[in-house]
Amino acid sequence: MSARTELIVADQVVASVAAHAAAAVPGVVRVEHGLRGLVTALTRAGRQLWTGYEIASTKGVRMQRDSGSLAVELEIAIAAERHAGTIGTAVQHAVVRTVREQTGVRVDEVSVTIVDIEPEAR
């Protein structure tokens, strides 16, 4: 008799791994809430206060599941001296690879929006 097991990774965990992967890419200054993520952040903060649990950071990350596929949307700020397209592509690859390695979840699409560019340090 063999036991069948199933692993379910919560969306908050996947989003947190995606945020950390994006933040680790050279040229990414920070992962941002952006305007669209502000409501989500406030909802999460309220839920955290209500339950008393510390919830993993998913700042600047939204996820959509549709018919078994997973799409991740990130909003980031980058360093001015870096090329936006290069950083965006690196973030996409890092998120897909890191989420798969750390959670076993396959990410089908990663959308990156650059919401701020930090000036060069003087």
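Residues numbered from 1 in each chain as written. Predicted model: local features only at pLDDT ≥ 70, side-chain atom pairs only at ≥ 80, totals over all residues. Heavy atoms only, no water.

Next up on the list: the pairing of strand β4 (residues 109-118). Note that strand β3 (residues 69-79) and β4 share 9 bridges and pair parallel. Within β4, the position partnered with V72 by the bridge is V110. The parallel pair β3 and β4, bridged by helix α3 (residues 84-103), forms a crossover whose chirality is right-handed. (Pairing = 2+ DSSP bridges. Helix = DSSP H or I, 4+ residues; strand = E, 2+ residues; numbered from the N terminus. Right-handed = clockwise from strand over helix to strand, strands pointing away.)

On to the nonpolar core. With 26 residues, the main nonpolar core has V61, V72, L74, V91, V95 and V99 as its most contacted residues. Those elements that place two or more of their residues in this core are α1 (11-23), β1 (28-31), β2 (61-66), β3 and α3. (Core = buried A, V, L, I, M, F, W, Y, C linked by side-chain atoms within 4.5 Å. Buried < 20%, exposed > 50% of the residue type's maximum accessible area, 1.4 Å probe, protein only.)

Packing of α1 against α3 brings their axes to within 8 Å, and their N-to-C directions diverge by 135°. Considering their axes alone, α1 and α3 lie oblique with respect to each other. Of the two elements, α1 crosses α3, and the hand of that crossing is right-handed. Listed contacts from α3 to V13, V14, V17, A18, A21 and A22 of α1 are V91, A94, V95, T98, V99, Q102 and T103. Here the contact of α1 with α3 is composed, by residue class, of 10 nonpolar, 3 polar and no charged. (Axes fitted to C-alpha atoms, helices over the stretch in contact; angles between N-to-C directions. Parallel < 35°, antiparallel > 145°, perpendicular 65-115°, else oblique. Left-handed = near helix turned anticlockwise from the far one by under 90°. Contact = heavy atoms within 4.5 Å. Nonpolar A, V, L, I, M, F, W, Y, C, P; charged D, E, K, R; others polar.)

For the rest of this paragraph, the subject is the confidence of the model for the protein chain. Chain-level pLDDT for the protein chain is 81 on average; 75% of the residues reach the 70-or-more range. Mean pLDDT values for the elements of the protein chain range from 52 in helix α2 (residues 34-51) up to 96 in α3. Confidence drops under a pLDDT of 50 for residues 35-40, and excluding neighbours within four residues, the segment shows 7 contacts in the predicted structure. (pLDDT = per-residue confidence, 0-100.)

Taking 1.5 Å per residue as the helical rise, α3 with its 20 residues ought to reach 28 Å, and the 28 Å between its terminal C-alpha atoms agrees with that figure. Listed in full, the buried residues belonging to α3 are I87, G88, V91, A94, V95, T98, V99 and T103. An end-on view of α3 places all buried positions within 130° of arc, on one side of the element. For α3, the exposed residues lying more than 90 degrees away from the buried face are T86, H93 and E101. (Expected span 1.5 Å × (residues − 1). Arc of directions from axis to C-beta.)

With that settled, consider the pairing of β2. Note: β2 against β3, 6 bridges, orientation antiparallel. The residue bridging R65 from the neighbouring strand is L70, located in β3. Linking β2 back to β3 in an antiparallel pair, the connection comprises 2 residues, with S67 at a positive phi of about 50°.

Inspection of every chain in the model, using the stated rule, returns 7 salt bridges. In this structure, the salt-bridge partner of R30 is E118, at a minimum N-O distance of 2.8 Å. Of this pair, R30 sits in strand β1 while E118 sits in strand β4, placing them 88 residues apart in sequence. Among the ionic pairs, D108 bridges to R106, the shortest N-O distance being 2.4 Å. Residue classification places D108 among the partly exposed positions, given a relative accessible area of 35%. You can call R106 exposed: its relative accessible area is 53%. Where salt bridges share partners, they join R30, E32, D116 and E118 into one cluster. (Salt bridge = Lys/Arg side-chain N within 4 Å of Asp/Glu carboxyl O.)

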